[in-house]
Amino acid sequence: MTRTAARRTAPAIAVRPVPAPPPVGGRGRRRLRDQLQAYGFLLGGLVCFALFSWYPAIRAVVIAFQKYTPGSPPEWVGTANFTRVLHDPEFAAAWRNTLTFTLLALLIGFAIPFVLALVLNELRHARAFFRVVVYLPVMIPPVVSALLWKWFYDPGAGLANEALRSLHLPTSDWSNGADTALVSLVIVATWANLGGTVLIYLAALQSIPGELYEAAELDGANLLQRVRHVTIPQTRFVILMLMLLQIIATMQVFTEPFVITGGGPENATVTVLYLIYKYAFLYNDFGGACALSVLLLVLLGAFSAGYLRLTRSEGDT
Amino acid sequence: MSTRTLVSPSVLARPRGKAAYWTVFTGVVLLFALAFLFPVYWMVTGAMKSPDEVARTPPTLVPERWHTDGFTDAWDLMQLPRHLWNTVVQAAGAWAFQLVLCTAAAYALSRLRPAFGKVVLGGILATLMVPAQALVVPKYLTVADLPLIHTNLLNDPLAIWLPAVANAFNLYLLKRFFDQLPRDVLEAAEIDGAGKLRILWSIVLPMSRPVLGVVSIFALVAVWQDFLWPLMVFSDTDKQPISVALVQLSANIQLTVLIAAMVIASIPMVALFLVFQRHIIAGISAGSAKG
């Protein structure tokens, strides 16, 4: 590869031993041409980012202070959107549900993939098979997994209750009960997304040098101590990053509540994003939807900044 | 693969260690089969049961008779060919736009040293920090009335294609790969008098096949799996992709037909995964380990 490249350049250098003189117009124009060319390559991507990432972010903040109906000129209304949204009884429910969902997803969905990856990394057989199987639910469209679990949770012939019955356990209302709906949705989200997390952990575990385990073992560390003092510190960065990404993702959960419960029963599964959707497309209240978006943005932004700061300073000490 | 892991090889070689290993191994196989394969099995067999059998308690583990009417009904009644075709068009266009525009932009940022390149890259990476789903409403309003040219892209596949380009993750993946290409090869081409486009086309792209593959798969999967955005953008039933159509139709359709439609909707991505599993898994592992 490099040989052919070298051979190809050799005659060219022989023909033109001296670099060509700078083109007419000198360095400045040459640089201008380079710049124009560079921005020519950048243009398409830049326009798309500007239109669909940067502009909407600014627009969310602007519309949050406006009465906005598509087709007619917007009106400035100050903080009216915020006060209206804050007084909506669904607002508190949506935030409570979203935070509970995120917390449950962390409790259920965080330890399980780590332990799974830890165990998978020890297995010497059928490694490819395990990786494929664990990632299979991720490749099933989220809408399909949501509909699939909606059917499992069916109070009639649903698989979830059939499984409980066959084990002689009391049945549950699953997604149809106000108390159990949120947990049921967390189970779906965990099932559907865990594969990616497991694969990322596996990659991180494989990068741990084996000598560390050997040294720990020589020092008399048992299995759990090796996990605690070698594995976790060595994968700390990946764990912390994935935790942040998972929190941000679960704070924006929409598909599962929309498809499985429709926000019910009794608003038990209305999430913030679901409420944003409702404001925009059911109430036609784009100002309210943007006010909610801004609140979510500010909260997640502040959380991410604080999280990164805390975890980083902890790493320095 | 004989790198040392948590449990030492000498422990595993002992009879007790061996027994423990195989116990754990069997346990994991059973757990995986039950947790990940069984739901999929239940879906596929559910689609092939008769409507009576699906509703029966206790359920049958294997269909008494294998029906395929569910699939044919779903195909005709739910207009699956149209929705699948819509999804294919949306995914293929998003892939093409992303590949062309993101590659060009990543190449410019990586190799052409544009003025304010750092600022632009910072602006792009900053979007990774912004929760994307939280901005769907202003994004929807932008697509409904594009600034300056006042065009409405709703119900048009462009509403999927163009926003797909604004994918900071894929762009950064490409840029980082281009950064690592050997400098001397590119310089040699430049001395030979190759233009920027020529260098990109004949040297950079052929050397970047692995990353282009990963980005392609991510781009296709993202569009195929998306729900909220196409739900907002396509109010016209005839334009909806399969994910939106499934949910819209799910309320008024017989259960076996719906389940059959779910199986059909899953096949393309699962097939893609099984064919490219090696690359996909390697891509996820590599993309994350460094990031």
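The rules behind the values
- Residues numbered from 1 in each chain as written.
- Chains lettered and ligands numbered in written order.
- Predicted model: local features only at pLDDT ≥ 70, side-chain atom pairs only at ≥ 80, totals over all residues.
- UniProt positions renumbered as here; feature names shortened; annotations may be inferred.
- Contact = placed C-beta atoms within 7 Å.
- Helix = DSSP H or I, 4+ residues; strand = E, 2+ residues; numbered from the N terminus.
- Nonpolar A, V, L, I, M, F, W, Y, C, P; charged D, E, K, R; others polar.
- Domains from an automatic or database assignment.

- Per an unreviewed UniProt entry, chain B goes by ABC transporter permease and derives from Streptomyces shenzhenensis.

- Chain A carries the name ABC transporter permease in an unreviewed UniProt entry, which gives Streptomyces shenzhenensis as its organism.
- In its Subcellular location (unreviewed entry) section, UniProt records this for chain A: "Cell membrane".
- In UniProt, chain A has this text filed under Sequence similarities (unreviewed entry): "Belongs to the binding-protein-dependent transport system permease family."

1. So, the interface of chain A and chain B
- Every contact between the two is made by 84 residues of chain A and, on the other side, 81 residues of chain B.
- Counting residues per element, the side of chain A that touches chain B draws most heavily on helix α2 (residues 26–63) of chain A, which supplies 22 residues.
- In the side of chain A that touches chain B, the residues fall into 58 nonpolar, 18 polar and eight charged.

2. Points about the UniProt feature "transmembrane region" (unreviewed entry) in chain A
Residues and elements named next belong to chain A.
- The positions that UniProt labels "transmembrane region" (unreviewed entry) are, in the present scheme, residues 36–55, 99–120, 132–152, 181–204, 237–255 and 286–308.
- From the first C-alpha to the last, residues 181–204 spans 34 Å; its make-up is 100% helix and 0% strand.
- The span residues 286–308 is 100% helix and 0% strand, and its two end C-alpha atoms sit 32 Å from each other.

3. Quick look at the UniProt feature "domain: ABC transmembrane type-1" (unreviewed entry) in chain B
- UniProt's entry tags residues 84–276 of chain B with the feature "domain: ABC transmembrane type-1" (unreviewed entry), counted in the numbering of this structure.
- Counted over residues 84–276 of chain B, helix gives 75% and strand 0%. Its end C-alpha atoms are 21 Å apart.

4. Quick word on the domain arrangement of chain A
- With domains assigned, chain A is organised as domain 1 (36–76) and domain 2 (93–281).
- Spacing between the C-alpha centres of domain 1 of chain A and domain 2 of chain A amounts to 35 Å.

5. Considerations on the UniProt feature "domain: ABC transmembrane type-1" (unreviewed entry) in chain A
- The feature "domain: ABC transmembrane type-1" (unreviewed entry), as given by UniProt, occupies residues 95–307 of chain A in the numbering adopted here.
- Summarising residues 95–307 of chain A: 76% helix, 0% strand, and an end-to-end C-alpha distance of 20 Å.

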